[in-house]
Number of protein chains: 2
Amino acid sequence: MQRLTITSAQLQANHIQLTLEQQHYLRRVLRLQAGDRFLALDGRGQQWLAMLTDSAATAQLLDAVAAESVPLPQVVLAAALPKGSGFDEVVRQATELGVTEIWPLISDRTLLRPSAQKLTRWQRIATEAAEQSERLVVPVVDEPRSFKQLLQTTAADQPLYLCSARQQQPHLLTCLLERPSAALLVATGPEGGWTTAEVNEAIAAGYQVVSLGSTVLRAVTAPLAALTLINAVYTLKSERLKGV
Amino acid sequence: MQRLTITSAQLQANHIQLTLEQQHYLRRVLRLQAGDRFLALDGRGQQWLAMLTDSAATAQLLDAVAAESVPLPQVVLAAALPKGSGFDEVVRQATELGVTEIWPLISDRTLLRPSAQKLTRWQRIATEAAEQSERLVVPVVDEPRSFKQLLQTTAADQPLYLCSARQQQPHLLTCLLERPSAALLVATGPEGGWTTAEVNEAIAAGYQVVSLGSTVLRAVTAPLAALTLINAVYTLKSERLKGV
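Residues numbered from 1 in each chain as written. Chains lettered and ligands numbered in written order. Predicted model: local features only at pLDDT ≥ 70, side-chain atom pairs only at ≥ 80, totals over all residues. Heavy atoms only, no water.

Attention shifts here to the relation of the copies chain B and chain A. Taken as rigid bodies, chain B and chain A are interconverted by a rotation of 180 degrees and an axial shift of 0.0 Å, the fit giving an RMSD of 0.0 Å. Interpreted geometrically, this transformation is the action of a two-fold axis. (Least-squares fit on C-alpha atoms with pLDDT ≥ 70 in both.)

All names here are of chain A. The buried fraction of strand E3 (residues 37-41) is high, at four of five residues. In this sheet, E3 lies alongside strand E1 (residues 3-5) in parallel orientation, the contact comprising three bridges. Its bridge partner lying in E3, Leu 4 is registered against Ala 40. Bridge count for E3 against strand E4 (residues 47-52) is five bridges, and the pairing is antiparallel. By the bridge assignment, Phe 38 is partnered in E4 with Ala 50. A loop of five residues connects E3 with E4, the two strands running antiparallel in sequence, and Gly 43 in this loop sits at a positive phi of about 75 degrees. (Buried < 20%, exposed > 50% of the residue type's maximum accessible area, 1.4 Å probe, protein only. Helix = DSSP H or I, 4+ residues; strand = E, 2+ residues; numbered from the N terminus. Pairing = 2+ DSSP bridges.)

Here the UniProt feature "domain: Ribosomal RNA small subunit methyltransferase E PUA-like" (unreviewed entry) sits at residues 21-54 of chain A. Within the segment residues 21-54 of chain A, helix and strand shares are 26% and 32% respectively, and the terminal C-alpha atoms sit 17 Å apart. (UniProt positions renumbered as here; feature names shortened; annotations may be inferred.)

Attention shifts here to the domain arrangement of chain A. All names here are of chain A. When the domains of chain A are assigned, the result is domain 1 (3-65) and domain 2 (74-242). A separation of 33 Å is found between the C-alpha centroids of domain 1 and domain 2. Domain 1 puts ten residues into the contact, and the matching count from domain 2 is eight residues. Taking both sides of the interface into account, the surface hidden between domain 1 and domain 2 amounts to around 700 Å²; carbon and sulfur atoms contribute 55%. For domain 1, the biggest contributors to the area lost against domain 2 are Arg 3, Thr 5 and Gly 43; these three give 62% of the whole. For the pair domain 1 and domain 2, the interface holds zero salt bridges. Put simply, the parts of the chain that give the side of domain 1 that touches domain 2 at least two residues each are E1 and helix H1 (20-29). For the side of domain 1 that touches domain 2, the element with the highest residue contribution is E1, accounting for three residues. (Domains from an automatic or database assignment. Contact = heavy atoms within 4.5 Å. Buried area = accessible area lost by both parts, 1.4 Å probe. Salt bridge = Lys/Arg side-chain N within 4 Å of Asp/Glu carboxyl O.)

This paragraph deals with the sheet that holds strand E4 (residues 47-52) of chain B. Residue and element names in this part refer to chain B. One open sheet holds the five strands; their spatial order is E1-E3-E4-E5-E2, and the pairing between them is mixed. Both edges of this open sheet fall to strand E1 (3-5) and strand E2 (15-17), since each of them pairs with a single strand only. Neighbour-to-neighbour, the strand axes of the sheet open up by a mean angle of 40 degrees, direction not taken into account. Inspection of the sheet shows E2 paired to strand E5 (residues 58-65) by three bridges, in the antiparallel sense. Along E5, the bridge assignment pairs Gln 17 with Thr 58. Strands E1, E2, strand E3 (37-41) and E4 of the sheet are contacted by helix H1 (residues 20-29), whose axis makes an angle of about 175 degrees with E1. (Axes fitted to C-alpha atoms, helices over the stretch in contact; angles between N-to-C directions.)

A few words now on the nonpolar core. Core analysis: the biggest nonpolar cluster contains 84 residues, and Leu 173 and Leu 212 of chain A together with Leu 212 of chain B have the highest contact counts within it. With near-sequence residues (within four places) excluded, Leu 212 of chain B lies in contact with Cys 163, Ser 164, His 171, Leu 172, Leu 217, Ala 222, Ala 225, Ala 226 and Leu 229 of chain B. (Core = buried A, V, L, I, M, F, W, Y, C linked by side-chain atoms within 4.5 Å.)

Right, let's get into the packing of aromatic side chains. For the structure shown, the criterion picks out four aromatic pairs over all chains. Aromatic side chains Phe 147 of chain A and Trp 194 of chain A sit 5.1 Å apart centroid to centroid with 50 degrees between the ring planes, which places their arrangement in the tilted category. With a gap of 47 residues between them, Phe 147 of chain A in helix H4 (residues 147-153) and Trp 194 of chain A in the loop between strand E11 (183-188) and helix H6 (196-204) connect regions that are remote in the sequence. In terms of burial, Phe 147 of chain A and Trp 194 of chain A fall into one category: buried. Over the ring of Trp 103 of chain B we find Arg 145 of chain B, and its NZ or CZ is 3.7 Å from the ring centre. (Phe/Tyr/Trp six-rings, centres within 6.5 Å; stacked < 30°, edge-to-face > 60°. Lys NZ or Arg CZ within 6 Å of the ring centre and 35° of its normal.)

Structural data, given as C-alpha cells:
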C-alpha cells in the first residue's frame, strides 16, 4: 500500500487536510483515485489507513493502524559534508539503514558550506526515503554544526564513535559486539579525513576512535558502512535475547 | 602519492608506455610534471614507483614497490541491475568495500537490459575507484548474466548467500559469524525483490537465504550493506587469529 507522511496539524477529526503537493503526489504521481486507500504516517511512529474522496483537498481517515514493533537502535549519525551533492545520497541511504538523527558536520577539512535550502532538501529526501523503506519514523536532519559544537553537544553516557581510516584502531564491529547499546553516536569524516587535532579533541571528549576496515572509504560511503554494522549488531543482539 | 592503473602490456624493460588518456590524466588532471613520481598498479597486486619524463608518451620505471599485505576475502557480488544509472554507484562503492568480482544480474523483475558500452563504463569506474581507495586489485566486472546462469555457474564448495527482505530469514551477520569463509558469493535482488520461484530455485541450488535487517533497502543499497558485513567479519576473524 502507498504511504504518505503528514504532520499532526493536518489531522482533523475524521479526515486529513492535504497540501497541494500531497494532492499532486497522490493523484498524479501515484495515480490514486476516489475510493483508493493509502497509509498516512506522522513520522513519529503513528499510522492511519486513509481513503481519497471526491474532494481534492482532503482524505477520509478510516482507522488507526497498529505499528509493527520492529525495534531500531537510536543512532545519531554526525557526518562531515562531502563535496557536491553527495550528502543527498548519504541522507537517503542512512534513512534506509535505520538512522534516527543526521547531523551534518563542518569539520576542518570540509569544503562545503551548505545553503539554508539544503537543509529543507535533505529533510524532504529523508521523508521520501522513510516512506520507500517502510520506516514509520522519519529521521531528523539537524542544522549543520561545527566539529567543536559536536563535541560540546554529545552526551557522554552513550558510546561515541569516531570513524577513522587509521589502521591501528579497533574495528567498529569489534566495539559494537563488545559493548552493545541501544543508543549511540557515530561520526564519519570528510574527504582527506579528520585532522590530528580533531582526533585528539574527540578522544579527550570521550570518543572511541574506530576503523571501518582496511580499504579507504569515501566520505559518502563511510556513513553507510557504519550504520550497516550498527543496525546488524543490534538485530543480532535482539534476536539472541528473543532466543531466535 | 597519485596512483595509475596500467596493463601488463604497457610495461617495458625500464618504462611504461602511456595511453593518450593516461597522459591527459597525469599531466592535465593531476598536473604532474617531468620529474614527478606516481604509483603504477597492474590491478593484480603488483605496483611500481614511476616518474614522468620530458617524453609525453612514456614514464620511467624506478622500482617495484612491495604491496602491503592487507588481506581481503574473495567476494563475488551478484547484483540485480537497478533502474537508471544506479549500478554506477554500486560498482564504485562495492570496489571501495573490497569486492573481488561483480556480476551484473538480470533477474525476473529486472527492467534494465544494459548496452555493451555499459560494461566498459563499469569496468572503468571500478578501476578509478580502486585507485581512489588505494586497493591494489581492481575488481572484475563480468558480463551480465541471467538468474538461471548464476545458479549454473556458482561453485557449491563456498557459502552462497541470497539476500532477501523477508523477515523470517537469519541475518547475514549471524551466518558470517557462524561460518567464516575467505571466499563466498552474495546475491542481492532488484527493485521489488526476487520472485518466489527465484528464491526456491536458489535454495535448491545450495543458496542460504539471508536478511539484511528489518528496514527495506533499495537495490543500490543492499549490495553495500552485504559487502560491509562480509569485509568487517573477515577483518574481525583475521584480527582474532593474529591475537589483536
